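The primary structure of each chain is shown beneath.
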Amino acid sequence: MAKLLVTGGAGFIGSNFIHYWLKTHLQDEIINLDKLTYAGNLENLKDIEKNPNYKLVVGDITNVDIVGSLVKDCDAVVHLAAESHVDRSIMDAAEFIRTNVLGTQILLDAVKQYDKRFHHVSTDEVFGALTLESKNKFNENTPYHPTSPYAASKAASDHLVRAFIYTHKIAATISNCSNNFGPYQFPEKFIPLAVTNLLVGKKIPVYGDGLYVRDWLFVEDHCRGIDLILEKGRIGETYCLGGMTSEINNLEVIKKILKILGESEDKIELVKDRPGHDRRYAINWSKAKQELGYQPQFDFDRYLEKTVQWYQQNKNWWQNIKSGSYKDYYEKQYQ
Ligand code: NAD
Ligand code: DAU
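No experiment lies behind these values; they were computed from the predicted model shown.

### Remarks on the sheet that holds strand 1 (residues 3-7)
- Taking strand neighbours across the sheet as the criterion, the seven strands line up as 3-2-1-4-5-6-10 in an open arrangement whose pairing is parallel. The strands lining the two open edges of the sheet, one partner per strand, are strand 3 (54-58) and strand 10 (238-241). On average, adjacent strands in this sheet sit at an angle of 20° to one another, irrespective of strand direction.
- Relative to strand 5 (residues 117-123), strand 4 (residues 76-79) runs parallel, the two being bridged by four bridges. Bridge assignment links Val 78 to a residue of strand 5, and that residue is His 119.
- Most of the contacts of helix 2 (residues 64-72) go to strand 2 (residues 29-34), to which it runs at about 170°, and overall it touches strand 1, strand 2, strand 3 and strand 4.

### Concerning the pattern of salt bridges
- All chains considered together, the criterion is met by 17 salt bridges.
- Arg 234 is the salt-bridge partner of Glu 291, the closest N and O atoms lying 2.7 Å from each other. Note that Glu 291 is positioned in helix 9 (residues 286-292) and Arg 234 in the loop between helix 7 (219-232) and strand 10, a separation of 57 residues in sequence.
- Of the residues examined, Arg 234 reaches a relative accessible area of 44% and is grouped as partly exposed.
- A salt bridge links Lys 287 to Glu 237, with the shortest nitrogen-to-oxygen separation between them at 2.6 Å. In this pair, Lys 287 is assigned in helix 9 and Glu 237 in the loop between helix 7 and strand 10, connecting sequence segments 50 residues apart.
- For Glu 237, a relative accessible area of 21% gives the class partly exposed.
- Counted as one network, the salt bridges with shared partners bring together Lys 35, Asp 60, Glu 95 and Arg 98.

### So, the site of ligand 1
- Near ligand 1, the surroundings consist of 28 residues, among which Ile 13, Asp 34, Ser 84, Tyr 150 and Lys 154 are the closest.
- Within the backbone of Phe 12, a nitrogen or oxygen atom sits 3.0 Å from an oxygen atom of ligand 1.
- Protein contact buries 97% of the 840 Å² of open area that ligand 1 shows by itself.
- For the shell around ligand 1, the elements supplying multiple residues, two or more each, are helix 1 (12-24), strand 5 and helix 5 (149-168).
- If you tally residues by element for the shell around ligand 1, the top one is strand 5, at three residues.
- A class-by-class count of the residues in the shell around ligand 1 yields twelve nonpolar, twelve polar and four charged.

Definitions and limits used
- Residues numbered from 1 in each chain as written.
- Chains lettered and ligands numbered in written order.
- Predicted model: local features only at pLDDT ≥ 70, side-chain atom pairs only at ≥ 80, totals over all residues.
- Heavy atoms only, no water.
- Pairing = 2+ DSSP bridges.
- Helix = DSSP H or I, 4+ residues; strand = E, 2+ residues; numbered from the N terminus.
- Axes fitted to C-alpha atoms, helices over the stretch in contact; angles between N-to-C directions.
- Contact = heavy atoms within 4.5 Å.
- Salt bridge = Lys/Arg side-chain N within 4 Å of Asp/Glu carboxyl O.
- Buried < 20%, exposed > 50% of the residue type's maximum accessible area, 1.4 Å probe, protein only.
- Near = heavy atom within 4 Å.
- Polar contact = N/O pair within 3.5 Å; in protein donor to acceptor, adjacent residues only side chain to side chain.
- Areas by Shrake-Rupley, 256 points an atom, 1.4 Å probe, with all protein chains shown as cover.
- Nonpolar A, V, L, I, M, F, W, Y, C, P; charged D, E, K, R; others polar.

Set out below in structure tokens:
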């Protein structure tokens, strides 16, 4: 039986990861350390909050005392807490540096002190942009070239993890993955924004020419990838994790969503581009396949449809976010 400290477990990937882990590792205990920023939503964890193997600690990963006491008492840390939205980092980078860089350093200090296993969840955005013309994909040897403040803060956190591995010999691994989609994704991100806009009759803002390409990964495949790294990953290594169906541009994604919802293309609104918008991301995940047996199981079209259905069936979940009332949940259930 293991005790896992998950940071950022009330966010999109973190809450999916906790659901996944409690289903697949019945003996394990999970402590979820989350600050409950705007992106942290306890309604994501409603159905497991009474599970005796799950405990929430509301706190900040930059708090040395909280982090120290929780790291001391666990077997392994899965670090997901971050400021994660590129557009917000363009408006104001300060919180990205505090949480993503300083917070990671504070976790690393505790991991070093108490000699614990650490897995750092990072992003393919640290590698910068690929062109539409090239056939290249990112892999574990791609040089770092972050272009947004968010990506730069994640790159800095990756460098810190690597430095602690090299200098202090901590037992850490890193994963860099592509764009996740699935249930519980905050509706500021492209797919849930598009679906929830359509469900209330609004148009979908598509940046620039809409030909930006992402390598979509269903969130449960990502969770299984992290599990495989914890189980079989070589200490000190980085693993790139990507999706099954792979690359698709934003307009194509939207046309698929419009088709699923029976809407017409006049719901597409081309708007001003994101500054410094990365043209294309794509992941070569062959190292994870060879070393860990990683293989995405969820294809984009089928799971996009299931994801759209999830947002249709869970209107309260996103309406509570849009109205702001999701923030009352903590007061009602925990205070
Ligand atoms: P999210 O924004 O949905 O959730 C982030 C969570 O971290 C929230 O629950 C928030 O309350 C918590 N948090 C933020 N600052 C904190 C702090 N200082 N202390 C404690 N908790 C704090 O993010 P996500 O999309 O689930 O991403 C999770 C991780 O995966 C991030 O590290 C992100 O960089 C990485 N990632 C995300 C994607 C993606 O497509 N969403 C892709 C690759 C990598
Ligand atoms: O690649 C992994 C990254 O994927 C993660 O590290 C980030 O945390 C995550 O937010 C995501 O970053 P992106 O910037 O790729 O995701 P986002 O959902 O913001 O945008 C996806 C694409 O859609 C991108 O090309 C920008 C575009 N877009 C986005 C929004 C919000 C639009 O065209 N219109 C929009 O309103």
